[in-house]
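Here is how the chains run, residue by residue.
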Amino acid sequence: VDLLNPENGASFVLVCAPAGYGKTTLLIEWAQALMKNGTAVAWYALDPSDDDPIPFRSYLIASFIQALGPIPELTQIAQLLRSSPEMDLQRILPAVINAIVLSDRECMLILDDYHLIASPAIHSALAYLLEHLPENLRIAIGSRSDPPLPLARLRARGEPPAAIPSSR
């Protein structure tokens, strides 16, 4: 948990290991430590039904609302998604980013079991979010395999994902 703390400067953390290695347990312990220090934690535990941009975007917004409270900008986005189900996930991300910035709170988005996501639209939207990450948002992903995200580009910019050594 100490290796994951914000002091390491990583805006993106990837916890990648086979099944049964404790990824979720580690992320839960870290989330609890972050919340004790006042960081808002948006937790999204993925399952196979989330491999569709429509439910993914709704649950993503709901996780931010749960973490940051019903701030008007996020509530408006959630209402827009209910009234316009065809709305593209990537089109709403600038508004989501602005809402997080306006919240003026440190926030951590944790996406657990990301290996269940195969949708190119979701991967593209998450890559967009990583490329436009506001200063008050960090992202952590728990996965059994490296996600198809611009990991090399993040490393080249000097923003490598925090590496968590395996203890097994």
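Our structure is the block above this text.
Cut-offs used in this document
- Residues numbered from 1 in each chain as written.
- Predicted model: local features only at pLDDT ≥ 70, side-chain atom pairs only at ≥ 80, totals over all residues.
- Heavy atoms only, no water.
- Pairing = 2+ DSSP bridges.
- Helix = DSSP H or I, 4+ residues; strand = E, 2+ residues; numbered from the N terminus.
- Axes fitted to C-alpha atoms, helices over the stretch in contact; angles between N-to-C directions.
- Contact = heavy atoms within 4.5 Å.
- Parallel < 35°, antiparallel > 145°, perpendicular 65-115°, else oblique.
- Left-handed = near helix turned anticlockwise from the far one by under 90°.
- Nonpolar A, V, L, I, M, F, W, Y, C, P; charged D, E, K, R; others polar.
- Phe/Tyr/Trp six-rings, centres within 6.5 Å; stacked < 30°, edge-to-face > 60°.
- Buried < 20%, exposed > 50% of the residue type's maximum accessible area, 1.4 Å probe, protein only.
- Expected span 1.5 Å × (residues − 1).
- Arc of directions from axis to C-beta.
- Polar contact = N/O pair within 3.5 Å; in protein donor to acceptor, adjacent residues only side chain to side chain.

Q: Would you mind going over the sheet that holds strand β2 (residues 40–45) with me for this structure?
A: Backbone-to-backbone hydrogen bonds pair the strands of a sheet. The strands run either parallel or antiparallel. Strand order in the open sheet formed by four strands is β1-β4-β3-β2, and the pairing between neighbours is parallel. Taken across any chain shown, the strands that pair with only one partner, and hence form the sheet edges, are β1 (12–16) and β2. Strand-to-strand twist of the sheet, defined as the mean angle between neighbouring strand axes without regard to direction, takes the value 15 degrees. Bridge count between strand β3 (residues 107–112) and strand β4 (residues 137–143): six bridges; the pairing is parallel. Bridge pairing in β4 places Cys107 opposite Leu137. The strands that helix α2 (residues 53–68) touches are β2, β3 and β4; relative to β2, the one it contacts most, it runs at about 150 degrees.

Q: Help me out: how do you make sense of the packing of helix α3 (residues 72–83) against helix α4 (residues 89–103) in this one?
A: Axes are the key here: two packed helices are described by the angle between their axes and the distance separating the axes. At a minimum axis distance of 9 Å, the contact between α3 and α4 shows a crossing angle of 155 degrees. Viewed along their axes, α3 and α4 adopt a mutual orientation that is roughly antiparallel. In this structure, the crossing between α3 and α4 has a hand that is left-handed. Mapping the contact onto sequence places Glu73, Leu74, Ile77 and Leu81 in α3 and Ile92, Ala95, Val96, Ala99 and Leu102 in α4. Looking at the contact of α3 with α4 residue by residue, the classes come out as eight nonpolar, no polar and one charged.

Q: Help me understand the environment of Leu133 in this model?
A: In this structure, Leu133 sits in the loop between α5 (120–131) and β4. For the pair Leu133 and Phe12, spaced 121 residues apart in sequence, the C-alpha to C-alpha distance is 9.4 Å. Setting aside residues up to four positions removed in sequence, Leu133 forms contacts with Ser11 and Ile139.

Q: I tried to follow the packing of aromatic side chains on my own but got confused; where do I start?
A: Centre-to-centre distance and the angle between the planes together describe a pair of aromatic rings. This model, assessed by the stated rule, comprises two aromatic pairs. Ring geometry for Tyr44 versus Phe56: centroids 5.3 Å apart, planes at 35 degrees, classification tilted. Here Tyr44, found in strand β2, pairs with Phe56, found in helix α2; they are 12 residues apart in sequence, far enough to count as distant. Accessibility expressed as a relative area gives 4% for Tyr44, which makes it buried. Taken together through their ring pairs, the aromatic side chains of Tyr44, Phe56 and Tyr59 make up a single cluster.

Q: I would appreciate a short explanation of α2 in the present structure.
A: For an α-helix, the turn length of 3.6 residues means that residues three or four places apart are oriented alike. Here α2 is 16 residues long and its end C-alpha atoms lie 22 Å apart, about the 22 Å a rise of 1.5 Å per residue gives. Inspection of α2 places Phe56, Arg57, Leu60, Ile61, Ser63, Phe64, Ala67 and Leu68 among the buried residues, and these make up the whole buried set. For α2, the buried positions fall inside an angular range of 155 degrees around the axis, keeping them on one side. On its buried face, α2 is in contact with β2, α3, α4, β3, α5 and β4. By the N-cap criterion, in which a side-chain oxygen at the helix start approaches the backbone nitrogen of a residue two or three places on, α2 is capped by Asp52, the distance to Ile54 being 3.0 Å.

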